Amino acid sequence: MVLHSKHLLGLDGIPQKDIITILDTAKSFREVLDRPIKRLPTLQGKTVVNLFYEPSTRTRISFELAEKRLSADIVSFSASNSSVKKGETLIDTVKNIEAMKIDMVVVRHSSPGVAHLLARVLTSHIINGGDGGHEHPTQALLDMFTIRQKLGNLQGKTIALVGDISHSRVAMSNIYGLKKVGARVLVCGPSTLIPREIEKLGIEVYYNIDEIIPQVDVLNILRLQLERQREALFPSLREYHNYFGITRERLEGATKPILIMHPGPMNRGIEISSDVADSDHSVILEQVTNGVAVRMAVLYLLAGGRSETH
Amino acid sequence: MKLTKNVIISRKGFQPLPSSILLKGGTIVDPLQNVNEQKDLMIENGQIVQLGRIESKNFEGDVLDCHKKVITPGWLDMHVHLREPGYEGKETVATGSLAAANGGFTGVCCMPNTAPPIDSQEIIQYIKDRSKGSLVNVYPVAAITKKREGKELAEILELVEQGAVAISDDGSPVMSAEIMRRALEYSKMCDIPVIGHEEDSTMTAGGDMNEGFVSTCQGLNGMPSVAEEIMIARDIMLAEYTDARFHVAHISTAKSVELVRQAKIKGIKVTCEVTPHHFTLIDETVRTFDTNTKMNPPLRTEVDRQALCEGLKDGTIDVIASDHAPHSFEEKEAEYIYAPFGIIGLETSLGLALSQLYHKKLISLEQLVNKFAVYPYRILNLECPEIKTGSVANLTIFDPQESWQVTPAKFLSKSANTPFANWKLKGKPFAVVNNNQIFVSVL
Ligand SMILES: [Zn+2]
């Protein structure tokens, strides 16, 4: 199996075929993770650099584990903020690193478009590990993988993204990916946290959680960025929880079992109550496990299944 | 007959005009004289001495072949950031003036967001000294408020006496309605316009692009069009209340154009300008994440762009001004959210206006000259150059039909931050004449 894309910058620009290829490939890596020996020689001799310009624990660990399990040589680089430091520009930094002969770069940055910028100035394969409020493709792929694993397929399923939609890279990548494979996508949250004209992406917008619960197969509950309160985007955590928090009582409106997902880290008691997060319907920890498998698939396909058409 | 040997060959900076020069075969377009016809033009010692059919056979001086060229009163770009003093790494009065001449302008207004800002007589004098002896006239625009902080009025009467032609806190809005009201009132004493950078900064803080579908897709913070419209509505009302002259800088939205249109119908003293990038590009280009699509006001939607074209056509929009905003390569070659706002425009303005407006039959050559020369001079209460015998020769000469490719390496600006690199344009600057000097464009 090969990818048509040289990079994974987002799910917006990638063909549907590549999404399916990644999900299918991830399935076999997922089986490897249940073996006693989880290491494969697939990326032996390849060098992957993880550039994290934004603090991240779980995404970074997930990528590093995926790389190690494929036997890649890895280097990780953390910087709180590139432009705060005087002197070297981001482009100079990454060109210097590439000059040390590397094969792939995983990049996370608070500015939208940084993965695209790297793809323009470097020759390595670029994987977007989250660029500001733009995209987080591996998170959406692991969400899609988990839904497929639990519900069989994605086509025709109704998936709701709930909560803080504006500037959510998780929401955007999920929307692009899910629409490409024929799922029905709803977003639901306070009107101030839903970006303008998002319905143009072919999705439905709701402001009342109780209206969507009877319709959905999956609730993907997004993390509320707490600083939004200071920006006057919602009045209080109390009101947010009362109207948009997913609780056991609220789920009683369901007409079928609903898969509960969350990209983490969770604000328990705000966007999700503990009894929901820890319930049988919750696949939140399985998402984390699947994240390693999906990232292994992406690394493997970009390194080995390189297409020369780009 | 000498064939322009001095004139055409020397391309290093401004050249003294030969004591006697004949511009042969060009079409003179001067709306103030109601002229649009082929005429030869003789200049002696910087002054127009003869117009009409002039035989070059027995002529002893230099001849500049102007066949297929259009000769108009010299153009004035009333919104330029020359960056001096304070940001000489981006541009200087000298390099900005060369860029202006290269792009077909004989005059520029320089905006006050320098360091220190243009809020004192000393800085105005400094800029005047820097431009002394230049082909390009530099007209400083002074700050409305001290340090451009929006708090206390600058010493406006003194600044005007020293040479300021208008006041503006450009780069920042005047957020206090009270300060804006007093600035308008005060400006009436010296009959200068107040130029507004219209943006309610409480709504645009942290924004990187126009708010709308594209900002949603790109995950970039939006700057809503209504933030501009609110301020224009406010300042139109203040202009009406004070009966002062108010000019909207770089208008960018459909509703803004409509506000100005209605205000003009009511007889309120409001004028406005648009940039070539706003009547050419839309927010869709931000999808590339090219930082040369980042400017303030941001690129808007296609609906807005069409309304700007309509405003140019029906006369609501008086002036085309570039908002030439030079930034160094390393500043612009950064993460999108960290890159500074602004692009350069002096050397692409003429080509874009001809390609996007004249060749698309939205406006005539006369209207073009009005928007690039007659109206900016009128708004600033300055005398517009005219093409008639006895006048000082202050001329813009261009070829409206010549196709060319935008090549930033040929720019004379110190910076090259343009989204129009490699664009093919139809209509090219040829030469400018002013202050007894000539410059032939090297674009
Ligand atoms: Zn401005």
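These numbers come from a predicted model, not from an experiment. (Residues numbered from 1 in each chain as written. Chains lettered and ligands numbered in written order. Predicted model: local features only at pLDDT ≥ 70, side-chain atom pairs only at ≥ 80, totals over all residues. Heavy atoms only, no water.)

### What to know about the packing of aromatic side chains
All names here are of chain B.
- Taken as a whole and assessed by the stated rule, the structure comprises twelve aromatic pairs over all chains.
- Taking the centre distance of 5.9 Å and the plane angle of 65 degrees together, the rings of Trp 75 and Phe 105 count as edge-to-face. Of this pair, Trp 75 sits in strand E9 (residues 75–80) while Phe 105 sits in strand E10 (residues 105–110); the two residues are 30 residues apart in sequence, bridging distant segments of the chain. Across this residue pair, the class does not change: Trp 75 and Phe 105 are buried.
- On the basis of an interplanar angle of 75 degrees and a centroid distance of 6.3 Å, the ring pair of Phe 289 and Tyr 336 is categorised as edge-to-face. Taken together, the residues Phe 289 in the loop between helix H10 (276–280) and helix H11 (302–314) and Tyr 336 in the loop between helix H12 (329–332) and helix H13 (349–358) connect sequence positions 47 residues apart. The two residues Phe 289 and Tyr 336 agree in class, both being buried.
- Here a set of aromatic residues connected by ring pairs shows up, and it is made of Trp 75, Phe 105, Phe 372 and Phe 398. (Phe/Tyr/Trp six-rings, centres within 6.5 Å; stacked < 30°, edge-to-face > 60°. Helix = DSSP H or I, 4+ residues; strand = E, 2+ residues; numbered from the N terminus. Buried < 20%, exposed > 50% of the residue type's maximum accessible area, 1.4 Å probe, protein only.)

### A word on the environment of Cys 272 of chain B
- Along the chain, Cys 272 of chain B turns up in strand E17 (residues 270–274).
- In this structure the C-alpha to C-alpha distance between Cys 272 of chain B and Ile 251 of chain B, which are 21 residues apart in sequence, comes to 6.7 Å.

### What about a nonpolar patch on the surface?
- The grouping of Leu 157, Tyr 186 and Met 189 of chain B at the surface amounts to a nonpolar patch, some 280 Å² of accessible area in total.
- Tracing the chain through its elements places Leu 157 of chain B in helix H4 (residues 156–162). (Patch = residues over 30% accessible without salt bridge, like charges linked within 9 Å, V, L, I, M, F, W, Y side chains within 5 Å. Areas by Shrake-Rupley, 256 points an atom, 1.4 Å probe, with all protein chains shown as cover. Salt bridge = Lys/Arg side-chain N within 4 Å of Asp/Glu carboxyl O.)

### Observations regarding the pattern of salt bridges
Residues and elements named next belong to chain B.
- Tallied over the entire structure, the rule returns 34 salt bridges over all chains.
- The partner of Arg 181 in a salt bridge is Glu 185, and the shortest N-O contact between them spans 2.9 Å. Residue Arg 181 and its partner Glu 185 are both found in helix H5 (residues 177–187); the two are separated by four residues, about one turn of the helix.
- A salt bridge links Glu 386 to Lys 388, with the shortest nitrogen-to-oxygen separation between them at 3.7 Å.
- The partly exposed category is assigned to Glu 386, whose relative accessible area is 21%.

### Considering the environment of Val 392 of chain B
All names here are of chain B.
- Note that Val 392 resides in the loop between helix H14 (365–379) and strand E19 (395–405).
- When the C-alpha atoms of Val 392 and Lys 24 are compared, they prove to be 18 Å apart, with 368 residues separating the residues in sequence.
- Among residues more than four places away in sequence, those in contact with Val 392 are Gly 46, Gln 47, Ile 48 and Glu 386. (Contact = heavy atoms within 4.5 Å.)

### Topic: a negative patch on the surface
- Together, Glu 122, Glu 155, Glu 158 and Glu 161 of chain B give the surface a local cluster of negative charge.
- Along the polypeptide, Glu 161 of chain B turns up in helix H4. (Lys, Arg positive; Asp, Glu negative; His and termini not counted. Charge placed at Lys NZ, Arg CZ, Asp CG, Glu CD.)

### Observations concerning H13 of chain B
- For H13 of chain B, the tally of buried residues reaches nine of ten residues, placing the bulk of the element in the interior.
- Of all the residues in H13 of chain B, the buried ones are Ser 349, Leu 350, Gly 351, Leu 352, Ala 353, Leu 354, Ser 355, Gln 356 and Leu 357 of chain B.

### Some details on the side chain of Thr 280 of chain B
All names here are of chain B.
- Within the fold, Thr 280 resides in helix H10.
- Note on Thr 280: relative accessible area 11%, which makes it buried.
- A polar contact is formed between the side chain of Thr 280 and the backbone oxygen of Pro 276, at a distance of 2.7 Å. (Polar contact = N/O pair within 3.5 Å; in protein donor to acceptor, adjacent residues only side chain to side chain.)

### Overview of the environment of Tyr 377 of chain B
All names here are of chain B.
- Tracing the backbone through its elements, the reader meets Tyr 377 in helix H14.
- In this structure Tyr 377 comes out as buried when scored by relative accessible area, which is 1%.
- In this structure, the C-alpha to C-alpha distance between Tyr 377 and Asp 77, residues 300 residues apart in sequence, is 9.6 Å.
- Dropping the residues within four chain positions of it, Tyr 377 is found in contact with Gly 74, Leu 76, Thr 106, Tyr 139, Leu 382, Glu 383, Cys 384, Pro 385 and Asn 394.

### Describing unusual backbone geometry
- A cis amide bond links Gly 264 of chain A with the next residue in sequence, Pro 265 of chain A, at an omega value of -15 degrees.
- Along the chain, Pro 265 of chain A falls in the loop between strand E9 (259–261) and helix H10 (274–277).
- Cis geometry marks the peptide bond from Asn 296 of chain B to Pro 297 of chain B; its omega dihedral reads 0 degrees.
- Summarising the element assignment, Pro 297 of chain B is placed in the loop between H10 and H11.
- With phi around 65 degrees, Ala 232 of chain A is a residue other than glycine that occupies positive phi space.
- Locating Ala 232 of chain A in the fold gives a position in the loop between strand E8 (218–221) and helix H8 (237–244).

### Digging into the coordination of the zinc ion
Residue and element names in this part refer to chain B.
- Distances from the zinc ion to its protein donors, Asp 170 (OD), His 197 (ND1) and His 250 (NE2), fall at 2.0 to 2.3 Å.
- For the zinc ion, the donor residues sit on a single chain with the sequence spacing D-x26-H-x52-H. Of this pair, Asp 170 sits in the loop between strand E12 (166–168) and H5 while His 197 sits in the loop between strand E13 (194–196) and helix H6 (201–204), and the two are 27 residues apart along the sequence.
- Residue His 197 is classed as buried on the basis of its relative accessible area of 5%. (Donors = N, O, S within 2.8 Å, 3.2 Å for Na, K, Ca; no water.)

### Topic: the nonpolar core
Residues and elements named next belong to chain B.
- Of all hydrophobic cores here, the largest spans 87 residues; its most connected members are Ile 251 and Phe 279.
- Here this core gets eight residues from one element, more than from any other, and that element is H14.
- Summarising the domain contributions, this core has at least three residues from each of domain 1 (15–71 + 387–440) and domain 2 (74–379).
- What Ile 251 contacts, discounting residues up to four positions off in sequence, is Glu 228, Ile 232, Ser 256, Val 257, Val 260, Cys 272, Glu 273, Val 274, His 278, Leu 308 and Ile 317. (Core = buried A, V, L, I, M, F, W, Y, C linked by side-chain atoms within 4.5 Å. Domains from an automatic or database assignment.)

### Comments concerning the packing of helix H2 (residues 58–69) of chain A against helix H11 (residues 284–304) of chain A
All names here are of chain A.
- Packing of H2 against H11 leaves a shortest axis separation of 8 Å and a crossing angle of 55 degrees. With respect to their mutual orientation, H2 and H11 come out oblique. The element H2 and its partner H11 pack so that their crossing is right-handed. On H11, the residues touching Arg 58, Thr 59, Ser 62, Phe 63, Leu 65, Ala 66, Glu 67 and Arg 69 of H2 are Val 288, Gly 291, Val 292, Arg 295, Met 296 and Leu 299.
- Of the residues contributing to the contact of H2 with H11, the split by class is seven nonpolar, three polar and four charged. (Axes fitted to C-alpha atoms, helices over the stretch in contact; angles between N-to-C directions. Parallel < 35°, antiparallel > 145°, perpendicular 65-115°, else oblique. Left-handed = near helix turned anticlockwise from the far one by under 90°. Nonpolar A, V, L, I, M, F, W, Y, C, P; charged D, E, K, R; others polar.)

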